[in-house]
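Structural characterization, general
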Amino acid sequence: MSDIDDGAHWPPPGVDFSKPSMPRAYDALLGGKDNVAVDRELAEHAAAQIPGLKEAAQEQRRTLIRGVRFLARDAGVDQFLDLGSGLPAAQNTHQVAQEYNADARVAYVDSDPVVLTHGRALLAENGNTTVVTADVRYPKQVLADPEVDALLDFRRPIAVMLVGMMHYLSPDIAEEVMAEYREAVAPGSYLFFTSMVDTGIPDQQELARINRENMGVGWARTPEEITHLLGDFELVDPGLVFPVLWRPDQPVDPDRVPTDRRLTVAGVARKPD
Ligand code: SAM
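Structural notes, computed from the coordinates. (Residues numbered from 1 in each chain as written. Predicted model: local features only at pLDDT ≥ 70, side-chain atom pairs only at ≥ 80, totals over all residues. Heavy atoms only, no water.)

**Points about the site of the ligand**
Here is the rule: Residues are classed as near a molecule or strand on a simple rule: at least one heavy atom within 4 Å of it. Between N or O atoms, a polar contact is any pair within 3.5 Å; within protein, one atom must be a potential hydrogen donor and the other a potential acceptor, and residues adjacent in sequence are included only when both atoms are from side chains. Surface accessibility follows the Shrake-Rupley procedure with a 1.4 Å probe radius. Residue values consider only the protein chains on display as shielding. Helix and strand definitions follow DSSP, with helices as H or I runs of at least four residues and strands as E runs of at least two, each counted in order from the N terminus.
Near the ligand there are 19 residues, and of these Arg61, Gly84, Asp110, Asp135 and Val163 occur at the shortest range. The contact in question runs from a nitrogen atom of the ligand to an N or O atom on the backbone of glycine 84, over 2.8 Å. In isolation the ligand offers 600 Å² of accessible surface; the protein chains occlude 95% of this area. Elements with a minimum of two residues in the shell around the ligand: helix H1 (22-29) and helix H3 (53-74).

Next up, the structure:
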């Protein structure tokens, strides 16, 4: 039995354990324990269709850690808006950032209320973090959220993160939503994202299709379409690459990246001064 079944007031309002939920299914894919049978079934179904999917999810998590490390340690960013933050994993944005700057502030945003419940427990003793339930597709609401507004100073650089999230913005709204986040932040701010990608490998569109079939959302874009969503933000080295190639801890040969590590791309882009 999962530990999320514990507690007298469970499930929290808005949480439905009869259907898979995106953060819980992703947690199951990562080998976490904050999920129930329907989530595990979906994770196993997807992993059976796309060989290497579990390892790809682990790599995406490692990329999140490397990206936050770069932002906090090398780029000097001390404010993070983590959109589509998901359930807490082994190392989360605030834990990585606060390793380099104890004063780093992190606002976690997710539309699934289960994230709030778990996030609150993890963050109870951390005054520099908050977790709010909001829909990333409505930037005005996210940015006007009283907890986000109280924690983050939008006059100074912020890292807006859409790790494992940007591909959930549908084609009809993605451009406008991304533009609103880009415009809301000060020069010297960053976008840090991973996104399902279409470089011609069939599993890339298959992964997006499985997401749409089960969650209603998920689009694999071409590298050009992804870059377009960055507006005038400038990609930092190494640019838009498969996650395993984004500032890896050990050198990785770009010509030897296996197909299952080519399902998404990662990038960090800076708003010009
Ligand atoms: N960012 C985390 C990571 O990289 O480990 C979690 C990624 S998980 C694949 C995607 C998360 O985005 C889920 O927790 C889901 O609930 C959230 N999400 C999807 N669409 C959203 C939306 N429109 N608004 C807020 N959160 C959303």
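**Some thoughts on H1**
Put simply, the rule reads: Relative accessibility thresholds used throughout: buried, under 20% of the residue-type maximum; exposed, over 50%; partly exposed, between the two (1.4 Å probe, protein chains only). By the convention used here, residues are in contact when the closest approach between their heavy atoms is within 4.5 Å.
Along H1, 6 of the 8 residues are buried, which leaves the element largely enclosed by surrounding structure. Those residues of H1 that sit buried are Pro23, Arg24, Ala25, Asp27, Ala28 and Leu29. Where H1 is buried, its residues meet helix H2 (37-49), H3, strand E2 (105-110), helix H5 (113-123) and helix H9 (202-215).

**Description of the environment of alanine 47**
For alanine 47, the location among the structural elements is in helix H2. The class for alanine 47 is buried, based on a relative accessible area of 17%. Separated by 83 residues in sequence, alanine 47 and threonine 130 place their C-alpha atoms 32 Å apart.

**Considering the pairing of strand E7 (residues 264-270)**
Convention followed: Any two strands are treated as partners once DSSP identifies two or more bridges connecting them.
Most of E7 is tucked away: 6 of the 7 residues are buried. With 7 bridges connecting them, strand E5 (residues 190-196) and E7 associate as antiparallel partners. Within E7, the position partnered with serine 195 by the bridge is valine 265. Pairing of strand E6 (residues 234-235) with E7 involves 2 bridges; the strand directions are antiparallel. The partner of leucine 235 across the bridge, within E7, is alanine 269.

**Things to note about the sheet that holds strand E4 (residues 159-162)**
Going by this rule: Axis geometry follows a simple rule: fit a line to the C-alpha atoms, using only the stretch in contact for helices, then measure angles between N-to-C directions, giving values from 0 to 180 degrees.
Here we have 7 strands laid out as an open sheet, ordered E3-E2-E1-E4-E5-E7-E6, and mixed in their pairing. Only two strands of the sheet have a single neighbouring strand rather than two, namely strand E3 (129-133) and E6. The strands that H3 touches are strand E1 (79-83), E4, E5 and E7; relative to E5, the one it contacts most, it runs at about 170 degrees.

**Some details on the pattern of salt bridges**
Pairs may arise between side chains of opposite charge once their charged atoms sit close together. What counts is decided by this rule: In what follows, salt bridge is the name for a side-chain nitrogen of Lys or Arg lying within 4 Å of a carboxyl oxygen of Asp or Glu.
With the rule as written, the count across this model stands at 17 salt bridges. Aspartate 273 serves as the salt-bridge partner of arginine 270, at 3.1 Å between the closest nitrogen and oxygen. On the basis of relative accessible area, arginine 270 is assigned to the partly exposed category, the value being 25%. One network of salt bridges, in which partners are shared, links Asp78, Asp153, Arg155 and Arg156.

**Notes on the nonpolar core**
Condition: Throughout this description, the term nonpolar core refers to a set of buried Ala, Val, Leu, Ile, Met, Phe, Trp, Tyr and Cys residues connected via side-chain atoms within 4.5 Å.
Ranked by internal contacts, the top residues of the largest apolar core, which has 85 residues, are Leu71, Phe80, Leu81, Leu83, Val109, Val160 and Leu162. Element by element, the count of residues in this core is highest for H3, at 9 residues. Each residue touching leucine 71, except ones within four places of it in the same chain, is listed here: Gly76, Val77, Phe80, Ala159, Tyr190, Phe192 and Val268.

**Looking at the pairing of E4**
Looking down a regular strand, the side chains alternate between one sheet face and the other. What counts is decided by this rule: A clockwise path from the first strand over the helix to the second, with the strands pointing away from the viewer, defines a right-handed crossover.
A two-sided burial pattern is seen for E4, the buried positions comprising Ala159 and Met161 on one face and Val160 and Leu162 on the other. The pairing of E1 with E4 spans 3 bridges and is classified as parallel. Looking at the pairing, phenylalanine 80 lines up with alanine 159 of E4. The pairing of E4 with E5 spans 4 bridges and is classified as parallel. Across the sheet, leucine 162 pairs through a bridge with phenylalanine 193, a residue of E5. Handedness of the E4-helix H8 (residues 174-184)-E5 crossover: right-handed.

Shape is all these values report; function is a separate question.
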